[in-house]
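# Structural overview
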Amino acid sequence: MSRGKFGLTFFLSLALVFAAACPVWAQETASAGQDAAWWIWPLVLFIVTFIMGVLAVLGGVGGGVLFVPIISGFFPFHLDFVRGTGLLVALSGALAAGPGLLKMNLASLRLAIPVALIASTCAIAGAMIGLALPTNVVQIALGGTIIGICALMLTAKKSEVPDVPQADRLSSALKIYGVYTEGSTGQEVNWKIHRTPLGLGLFIIIGVMAGMFGLGAGWANVPVLNLVMGAPLKISVATSKFLLSITDTSAAWVYLNQGCVIPLMVVPSLVGIMLGSFVGVRVLRVAKPTFIRWMVIAILAFAGLKALHKGLFG
Amino acid sequence: MADQTAPSTEASPEQMLYAKILELGMFVGLAILFLTFAIYVFGIMKPYLPLDQLSHYWSIPVHEYLEEAKIQPGWNWVGLLGYGDFINFIGIALLAGVTIICYASIIPLLLKNKDKIYAGFALAEVIILALAASGFLAVGH
């Protein structure tokens, strides 16, 4: 590892430790100085979500999947507000990235529309279920889901251009296919998909979970689009990002209408994650993403265990 | 829609239209949100919930929060737009609503291209998202 990469990795590790310590420091300061307390938590939230935004890009994960488990695990905010904020944070990231990906024809509107219809409908159901269940039940389910996501991140393979011998009848009827230019080689890659009914069925589950927990669904969208339906990895990642703008919109409205949105939580989180992502993209060129990804998975696993503990023991 | 037998590396007209509206909505929504947030935290407009009491409200379940703060769910926040905290909901609602506008805007293009199935999908999505936004899908506790 070069000195530059080592230094950057060391710095990011320190940033992670700092991010973990921030809530503890904030809790002590808030208890000690009641007059200045109101701005401390939003400031800490901004700092932590900024770091999260950087690490999300480097670790190849969405900001949404980091936000809910980490913020609910280490901050004093109730899970209802964390989920509402998490959905808006994930939505904002998708709104920021979506237009560019659509214009570059990496995100496929044709692939996204039928998938989004199923996922967004189920996300509404998931949001309603999540808000109706007792908090400790949601915490336990969230903890289990986060542990499952960590396992998926550790084991799931990716396929740059899956072998799809023949498009299935449904995707042929819906004319879901396309072509994109591979940036690294300049080659045109034709793509088509298969196992469309199975893929659409899996998006029922993805939608419900996204709505119930306030997570972005990128961690599930990409494997289903890529490994199950056979879309090329770039098309899968781009379409997944765009899909979040639709799936999260439907669930976000349910949380918004139920009052689960406090602006003093939403805006610092949103700004933090977006700025962090902006910086993360620039840092990506010199950082060592594999090590960062391991650290992100470790933090997620810890947050998942904390959610389980919270749900089981209060 | 684009020629179905020879897909192009260029995005289809409806995809470009969707992207342009999404981008505009995102910028406008964020700009409004940042402006209203500045108005809120700098105290230019009085908030409905005092800032120093928020640490209590954000730590309790949402149904208790609504009860204690005497806030009605759904679109009743529109009636509180005279307060610094609730004007932030304008930008939030725009960010959450821009997707509905995008879908509605591509329906005429899809119909013009005789793509009735996708026009139907888009219309269904508009209805689903509008239903979510309406506040009719309430959850009891």
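What counts, and at which threshold
- Residues numbered from 1 in each chain as written.
- Chains lettered and ligands numbered in written order.
- Predicted model: local features only at pLDDT ≥ 70, side-chain atom pairs only at ≥ 80, totals over all residues.
- Helix = DSSP H or I, 4+ residues; strand = E, 2+ residues; numbered from the N terminus.
- Rg over C-alpha atoms; globule rule 2.2 N^0.38 Å.
- Buried ≥ 20, exposed ≤ 12 C-beta atoms within 10 Å, placed from the backbone.
- Contact = placed C-beta atoms within 7 Å.
- Core = buried A, V, L, I, M, F, W, Y, C linked by C-beta atoms within 7 Å.
- Expected span 1.5 Å × (residues − 1).
- Axes fitted to C-alpha atoms, helices over the stretch in contact; angles between N-to-C directions.
- Parallel < 35°, antiparallel > 145°, perpendicular 65-115°, else oblique.
- Left-handed = near helix turned anticlockwise from the far one by under 90°.
- Nonpolar A, V, L, I, M, F, W, Y, C, P; charged D, E, K, R; others polar.
- pLDDT = per-residue confidence, 0-100.
- Pairing = 2+ DSSP bridges.

### Some details on the overall build of chain B
Helix and strand counts for chain B stand at five helices and zero strands. Counted from the first residue to the last, chain B has its helices and strands arranged as α-α-α-α-α. Rg of the C-alpha trace for chain B: 20 Å, well past the compact-globule value of 14 Å for 141 residues, more than 25% over. Seen along its three principal axes, the alpha-carbon backbone of chain B occupies a region of about 60 × 35 × 25 Å. The burial tally for chain B puts 37% of its 141 residues in the buried class. Within chain B, contacts between residues at least 6 apart in sequence are counted, and of these 71% link residues at least 24 apart.

### Quick look at the overall build of chain A
Counting secondary structure elements, chain A contains 12 helices and two strands. Helices (α) and strands (β) of chain A occur, in sequence order from the N terminus, as α-α-α-α-α-α-α-β-β-α-α-α-α-α. Here chain A holds 314 residues, and 58% of them are scored as buried. Restricting the contact set of chain A to residue pairs at least 6 apart, pairs at least 24 apart contribute 83%.

### Section: the nonpolar core
In terms of nonpolar packing, the biggest core is built from 145 residues, with Leu 91 of chain A together with Ile 92 of chain B touching the most fellow members. Ranked by the residues each element gives to this core, the list is headed by helix H5 (residues 109-132) of chain A, at 14 residues.

### Examining helix H6 (residues 135-155) of chain A
Here H6 of chain A contains 21 residues, and its C-alpha end-to-end distance of 30 Å stays within 8% of the 30 Å for a straight helix at 1.5 Å per residue. By the burial criterion, the buried members of H6 of chain A are Val 138, Gln 139, Leu 142, Gly 143, Thr 145, Ile 146, Ile 149, Cys 150 and Met 153 of chain A.

### What to know about the packing of helix H4 (residues 79-103) of chain A against helix H1 (residues 13-41) of chain B
Between H4 of chain A and H1 of chain B, the least distance of the axes is 8 Å, while the angle of their chain directions is 155°. Judged by the angle between their axes, H4 of chain A and H1 of chain B are roughly antiparallel. Of the two possible hands of crossing, H4 of chain A and H1 of chain B adopt the one that is left-handed. For the pair H4 of chain A and H1 of chain B, the contacting residues are Leu 95, Ala 96, Gly 98, Pro 99, Leu 102 and Lys 103 of chain A in the first and Gln 15, Met 16, Tyr 18, Ala 19, Leu 22, Glu 23 and Met 26 of chain B in the second. Residue composition of the contact of H4 of chain A with H1 of chain B, grouped by class: nine nonpolar, two polar and two charged.

### A word on the interface of chain A and chain B
Across the boundary between the two partners, chain A contributes 58 residues, which contact 50 residues of chain B. Taken together, the elements giving at least two residues each to the side of chain A that touches chain B come down to helix H2 (37-59), H4, H5, strand E1 (177-181), helix H10 (233-257) and helix H11 (263-283) of chain A. A class-by-class count of the residues in the side of chain A that touches chain B yields 39 nonpolar, 15 polar and four charged.

### A word on the confidence of the model for chain B
When pLDDT is averaged along chain B, the result is 91; 93% of the residues meet or exceed 70. Interface predicted TM-score (ipTM) for the complex: 0.90; the corresponding pTM is 0.85.

### Details of the environment of Ile 39 of chain B
Residue and element names in this part refer to chain B. Position of Ile 39 among the secondary structure elements: in helix H1. A C-alpha to C-alpha distance of 6.5 Å links Ile 39 and Gly 84, two positions 45 residues apart in sequence. Not counting the four nearest positions on each side in its chain, Ile 39 is found in contact with Ile 44, Met 45, Gly 84 and Ile 87.

### Details of the confidence of the model for chain A
Put simply, chain A has an average pLDDT of 84, and 87% of its residues get 70 or more. Segment residues 29-35 of chain A: pLDDT under 50, and five contacts once partners within four positions in sequence are set aside and those in other chains are kept.

### Quick word on the pairing of E1 of chain A
All names here are of chain A. Residues Gly 178 and Tyr 180 line the buried face of E1, whereas the alternating positions Tyr 177, Val 179 and Thr 181 sit on a face that is not buried. The sheet contact formed by E1 and strand E2 (residues 188-192) spans five bridges and is antiparallel. Paired with Tyr 177 across the bridge in E2 is Lys 192. Remark: six residues form the turn of the hairpin made by E1 and E2, two consecutive strands paired antiparallel; Gly 186 in that turn has positive phi of roughly 80°.

### Considering the packing of H2 of chain A against H11 of chain A
Axes are the key here: two packed helices are described by the angle between their axes and the distance separating the axes. Residue and element names in this part refer to chain A. Viewed as axis vectors pointing N to C, H2 and H11 meet at an angle of 35°, and their least axial separation amounts to 6 Å. Seen along the crossing, H2 lies across H11 with a hand that is right-handed. When grouped by side-chain class, the residues that make up the contact of H2 with H11 number 20 nonpolar, seven polar and no charged.

### Here's the deal with unusual backbone geometry
Outside of glycine, negative phi angles account for most residues, and trans bonds account for most peptide bonds. The residue Asn 105 of chain A is not glycine, and still its phi comes out positive at about 65°. Checked against the element boundaries, Asn 105 of chain A lands in the loop between H4 and H5. Here Asn 105 of chain A falls in the buried class, since 23 other C-beta atoms lie within 10 Å of it. Unlike most non-glycine residues, Lys 114 of chain B shows phi in positive territory, near 60°. In this fold, Lys 114 of chain B is placed in the loop between helix H4 (88-112) and helix H5 (116-134).

### Thoughts on helix H9 (residues 218-228) of chain A
Residues and elements named next belong to chain A. By the criterion of burial, H9 is predominantly enclosed, with nine of the 11 residues buried. If you check which residues of H9 are buried, you get Gly 218, Trp 219, Ala 220, Asn 221, Val 222, Pro 223, Val 224, Leu 225 and Asn 226. Where H9 is buried, its residues touch helix H3 (63-74), H6, helix H8 (196-213) and H10. Just downstream of H9, Gly 230 is the residue with a positive phi angle, here 85°.

### A closer look at the environment of Val 261 of chain A
By the secondary structure assignment, Val 261 of chain A is in the loop between H10 and H11. When the C-alpha atoms of Val 261 of chain A and Pro 197 of chain A are compared, they prove to be 36 Å apart, with 64 residues separating the residues in sequence. Ignoring anything within four residues of it in the chain, the contact list for Val 261 of chain A reads Gly 84, Thr 85, Leu 88, Tyr 255, Leu 256 and Val 266 of chain A together with Ile 92 of chain B.

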